Amino acid sequence: MGGGLVGLSAALFLEWHGVPAVLVEKRDTTSPQPKARRINLRTMELFRQVNAEADVMAAAAALADFEGMAAGRTLVEAEPLSWGHGEDDPAPEISPSDSCLCAQDTLEPVLRALATERGADLRFGHRVLEVVDDGTSVTSTVRDPDGRVGAIRARYLIAADGAHSPIRERLGIARSGRGTLGRSTNVYFEADLSAQVRGREFNLCQIEHPEVPSMLLTVDGVRRWLLMADPAPGRDHAGWARAVRTATGVPDLDVRILSALDWEPGMFVADRFSAGRIFLAGDAAHVMPPYLAAGANTGIQDVHNLAWKLARVVSGTAPRSLLDSYQVERHWLGWLTADQASAQTANLRQLGVESGDGTPSHDPVALLMGYQYPAGAFVPDGSLAPLDRLGLTGQPGSRLPHHRLGPDRSALDLVGRGLTLLGASDTWERAASATPGVEHRRVDDPAWAASVGITGTGALLVRPDHVIAWRCPTAPRDPADTLPDVVAAVLSGRG
Ligand SMILES: Cc1cc2nc3c(=O)[nH]c(=O)nc-3n(C[C@H](O)[C@H](O)[C@H](O)COP(=O)(O)OP(=O)(O)OC[C@H]3O[C@@H](n4cnc5c(N)ncnc54)[C@H](O)[C@@H]3O)c2cc1C
């Protein structure tokens, strides 16, 4: 339910896992608002896995030079700032992918087209009216564009129905967090600013004019822009056009205001991410201020975490308790990310400075790629991944580190739809072929083995979402005896 970035990504991930799904979206089209623009490294790795990375990069090509930050009294007076998000730097040593800037109103149609091409059943213009979970299935009452009302019965429902999630409300799931943290107006406008921007392209430009303190955001780098300004009750489109001229420093700028929407940045995290057969994902589960550019990214990563678990449970190859690990893993991360985003300053000149409220600021790259779930569908071994720097060394519950295995080949590319056993010894290959749902991939690279804490006889078991499920530093006496028990422990979701 919901055809925003999170619902559309869920459709792609479920399709990749071969899970038949129906997506129901009440709007006739994808979102006309450009809101989310930063698609981070980790999300791009997920798109890479499902062969969507090239399409997203192509859609982002127009903004390839717009990575920087700037600040000044007006746009024409702004100077580039040297500081950027660590994750924005090309980081070939930590990922096979690159982050990109691709506005939501550009990206959603790309994901929609890919999912449709691949056979997903996407129903735009369909509104969910009612949902009933009877313990064996979920029945959604849906009104189609012609006003006809019908029912869709499914084994599970992902509610990616946005911050005001009607499903979350209906389930009576409360939210916690810091609450509302401010008020803002997003002024989406068209104006040709290419001459003013050429040679000093920016992603975000902080406008310090006393009459319009605001942030100018690039949408397509030429004609479409977003001004995030303080609300001005009663100001009409003509008034906002004048504000845009002041903020840009171009008094005769030809401006067309497309929309001016009030919104409130805040932190609201659902106390539970699931109830029975219904799972909350994306903004339905966690709302956070945009200062870490993490809202949509965290949501897309939610449904990537959920898709493989649903695939296993629906195919009858894992117990339902595997799905309980969604709450344990993603609630922890949703809260942590929303809290970190809330402690960030909106002032570009103070990025990276410790928050004034005592919240410890984690390293942004570690928060993005280097976290380790506290519990869930893996076998812990007592090793801990740090959050003050990226320190991925094969800890169970953390992401498999990127290791280059060829010109455009990463260790992450070895991970398939099942559980993937990575190791060099033949005994593991035999053990994997005797264990249903486990694929063996040979990695004959001592440097890789050392980097993830195993010897030449050891192995790593990796989940389809790249999370390490089990680390075995040296081979046990009989791997074929050990492996089925480990797989059962992982799929029980109770590590
Ligand atoms: C100014 C701004 C900048 C941002 N920048 C970034 C960024 O750079 N990076 C980032 O990751 N995030 C960013 N975000 C956050 C990001 O926009 C959101 O986190 C993200 O769009 C949430 O996606 P979603 O799919 O969960 O929800 P939505 O996009 O809200 O989608 C929910 C969908 O559910 C549908 N729906 C609701 N009820 C029903 C119903 N009854 N029947 C059928 N359909 C229904 C709605 O129509 C809607 O399409 C930003 C946000 C703002 C405001």
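Reading the values: the criteria
Residues numbered from 1 in each chain as written. Predicted model: local features only at pLDDT ≥ 70, side-chain atom pairs only at ≥ 80, totals over all residues. Heavy atoms only, no water. Axes fitted to C-alpha atoms, helices over the stretch in contact; angles between N-to-C directions. Helix = DSSP H or I, 4+ residues; strand = E, 2+ residues; numbered from the N terminus. Parallel < 35°, antiparallel > 145°, perpendicular 65-115°, else oblique. Left-handed = near helix turned anticlockwise from the far one by under 90°. Contact = heavy atoms within 4.5 Å. Pairing = 2+ DSSP bridges. Buried < 20%, exposed > 50% of the residue type's maximum accessible area, 1.4 Å probe, protein only. Salt bridge = Lys/Arg side-chain N within 4 Å of Asp/Glu carboxyl O. Expected span 1.5 Å × (residues − 1). Arc of directions from axis to C-beta. Near = heavy atom within 4 Å. Polar contact = N/O pair within 3.5 Å; in protein donor to acceptor, adjacent residues only side chain to side chain. Areas by Shrake-Rupley, 256 points an atom, 1.4 Å probe, with all protein chains shown as cover. Domains from an automatic or database assignment. Core = buried A, V, L, I, M, F, W, Y, C linked by side-chain atoms within 4.5 Å. Buried area = accessible area lost by both parts, 1.4 Å probe. Nonpolar A, V, L, I, M, F, W, Y, C, P; charged D, E, K, R; others polar.

### What about the packing of helix 2 (residues 41-49) against helix 8 (residues 295-314)?
Here is step 1 of the chain: The N-to-C vectors of helix 2 and helix 8 enclose an angle of 40°; their axes lie 9 Å apart at closest approach. Judged by the angle between their axes, helix 2 and helix 8 are oblique. When you trace helix 2 past helix 8, the crossing you get is left-handed. Residue-level contacts link R42, T43, L46, F47 and Q49 of helix 2 to N297, I300, Q301 and H304 of helix 8.

### A closer look at the sheet that holds strand 8 (residues 138-143)
Here is step 1 of the chain: With antiparallel pairing, 3 strands are arranged side by side in an open sheet as 7-8-9. Each edge of the open sheet carries a strand with a single partner, namely strand 7 (127-133) and strand 9 (149-154). Within this sheet the neighbouring strands show an average axis-to-axis angle of 20°, counted without direction.
Here is step 2 of the chain: Pairing analysis gives 6 bridges linking strand 7 to strand 8, with the strands arranged antiparallel. Opposite R127, over in strand 8, you have R143 as the bridge partner.

### Overview of unusual backbone geometry
Here is step 1 of the chain: Here the phi dihedral of N51 falls at roughly 60°; this positive angle occurs in a residue that is not glycine.
Here is step 2 of the chain: Assessed through its relative accessible area of 55%, N51 is described here as exposed.
Here is step 3 of the chain: Not every positive phi belongs to a glycine, and H466 is a case in point at roughly 75°.
Here is step 4 of the chain: Within the secondary structure layout, H466 lies in the loop between strand 25 (459-462) and strand 26 (468-472).

### Structural notes on the pattern of salt bridges
Here is step 1 of the chain: Summed over all chains, the structure comprises 29 salt bridges.
Here is step 2 of the chain: Of the charged contacts, one joins D388 and R389 as a salt bridge, the two residues approaching to 3.9 Å between their closest N and O atoms.
Here is step 3 of the chain: Overall, D388 belongs to the exposed group, its relative accessible area being 59%.
Here is step 4 of the chain: A relative accessible area of 49% means that R389 is categorised as partly exposed.
Here is step 5 of the chain: When salt bridges that share partners are traced, they join R48, E53, D408 and D413 into one network.

### Describing the pairing of strand 12 (residues 184-190)
Here is step 1 of the chain: Summarising burial for strand 12: 7 of the 7 residues are buried, a large majority.
Here is step 2 of the chain: In strand 12, alternate side chains face the same way, and those of S184, N186, Y188 and E190 on one face and T185, V187 and F189 on the other are all buried.
Here is step 3 of the chain: Sheet topology places strand 12 next to strand 16 (residues 256-263); 7 bridges connect them, and they run antiparallel. If you follow Y188 over to strand 16, its bridge partner there is S259.

### Digging into the sheet that holds strand 10 (residues 157-159)
Here is step 1 of the chain: Here we have 3 strands laid out as an open sheet, ordered 10-19-18, and mixed in their pairing. Where the open sheet ends on each side, the last strands, each with one partner, are strand 10 and strand 18 (274-275).

### Section: helix 13 (residues 479-491)
Here is step 1 of the chain: For helix 13, built from 13 residues, the straight-helix expectation of 18 Å at 1.5 Å per residue is met to within 8% by its first-to-last C-alpha distance of 18 Å.
Here is step 2 of the chain: Residues P479, L483, V486, V487, V490 and L491 constitute the buried set of helix 13. Axial view of helix 13: buried residues confined to an arc of 120°, hence all on one face. In helix 13, the exposed positions angled more than 90 degrees off the buried face are occupied by D481 and D485.
Here is step 3 of the chain: Elements that come into contact with the buried residues of helix 13 comprise helix 8, strand 23 (419-423), helix 11 (426-433), strand 24 (438-442), strand 25 and strand 26.
Here is step 4 of the chain: In the segment just after helix 13, G493 is the residue with positive phi, at about 75°.

### Examining the site of the ligand
Here is step 1 of the chain: Around the ligand there are 32 residues in total, and E25, R27, D283, A296 and N297 lie nearest to it.
Here is step 2 of the chain: Between the ligand and R38 there is a distance of 3.0 Å, counted from an oxygen atom to a backbone nitrogen or oxygen.
Here is step 3 of the chain: For the ligand, an oxygen atom lies 3.4 Å from a polar atom in the backbone of G295.
Here is step 4 of the chain: Considering the ligand on its own, with 1,000 Å² of exposed area, one finds that the protein chains cover 91% of that surface.
Here is step 5 of the chain: When residues of the shell around the ligand are traced back to their parent elements, those giving at least two are helix 1 (5-16), strand 1 (22-25), strand 7 and helix 8.
Here is step 6 of the chain: It is helix 8 that provides the largest number of residues to the shell around the ligand, a total of 3 residues.
Here is step 7 of the chain: In this structure, the shell around the ligand is formed jointly by two domains, domain 1 (5-37 + 103-178 + 269-350) and domain 2 (65-95 + 183-263), each of which donates at least three residues.

### A short note on the nonpolar core
What tends to happen in soluble globular proteins is that the nonpolar side chains get buried as a cluster.
Here is step 1 of the chain: Judged by nonpolar contacts, the single largest core of 98 residues is most densely connected at F47 and L461.
Here is step 2 of the chain: Inspection of this core shows a minimum of three residues originating in each of domain 1 (5-37 + 103-178 + 269-350) and domain 3 (370-491).
Here is step 3 of the chain: Those residues in contact with L461 that lie beyond four places of it in its chain are L419, T420, L421, V438, V467, I468, A469, W470, V486, V487 and V490.
Here is step 4 of the chain: L101, V187, V197 and F202 belong to the second largest nonpolar core, which has 28 residues in total.

### Describing the side chain of R224
Here is step 1 of the chain: Along the chain, R224 falls in strand 15 (residues 224-229).
Here is step 2 of the chain: Here D105 takes part through its side chain, which lies 2.8 Å from a polar atom of the side chain of R224.

### Here we look at the domain arrangement of the protein chain
Here is step 1 of the chain: The domain boundaries assigned to the protein chain delineate domain 1 (5-37 + 103-178 + 269-350), domain 2 (65-95 + 183-263) and domain 3 (370-491).
Here is step 2 of the chain: Between domain 1 and domain 2, the contact holds 13 residues from the first and 20 residues from the second.
Here is step 3 of the chain: Buried surface at the junction of domain 1 and domain 2, both sides included, amounts to about 1,300 Å², of which 55% is carbon and sulfur.
Here is step 4 of the chain: Looking at the side of domain 1 facing domain 2, the largest losses of area belong to R37, L348 and R349, adding up to 47% of the total buried there.
Here is step 5 of the chain: Counting across the interface, domain 1 meets domain 2 through 2 salt bridges.
Here is step 6 of the chain: One salt bridge in this structure joins R349 and E208, with 2.7 Å as the shortest N-O distance.
Here is step 7 of the chain: Linking domain 1 with domain 2 are 8 residue pairs in polar contact (both at pLDDT 80 or more), by the criterion used here.
Here is step 8 of the chain: Taken together, the residues of the side of domain 1 that touches domain 2 break down into 7 nonpolar, 3 polar and 3 charged.

### Let's talk about the packing of helix 3 (residues 53-60) against helix 4 (residues 104-117)
Here is step 1 of the chain: Between helix 3 and helix 4, the shortest axis-to-axis distance is 10 Å and the interhelical angle comes to 150°. By the angle between their directions, the pair helix 3 and helix 4 is classed as roughly antiparallel. When you trace helix 3 past helix 4, the crossing you get is right-handed. Residues D55, V56 and A59 of helix 3 lie in contact with helix 4, whose contacting residues are T106, L107, V110, L111 and L114.
Here is step 2 of the chain: Residues of the contact of helix 3 with helix 4, tallied by class, amount to 6 nonpolar, 1 polar and 1 charged.

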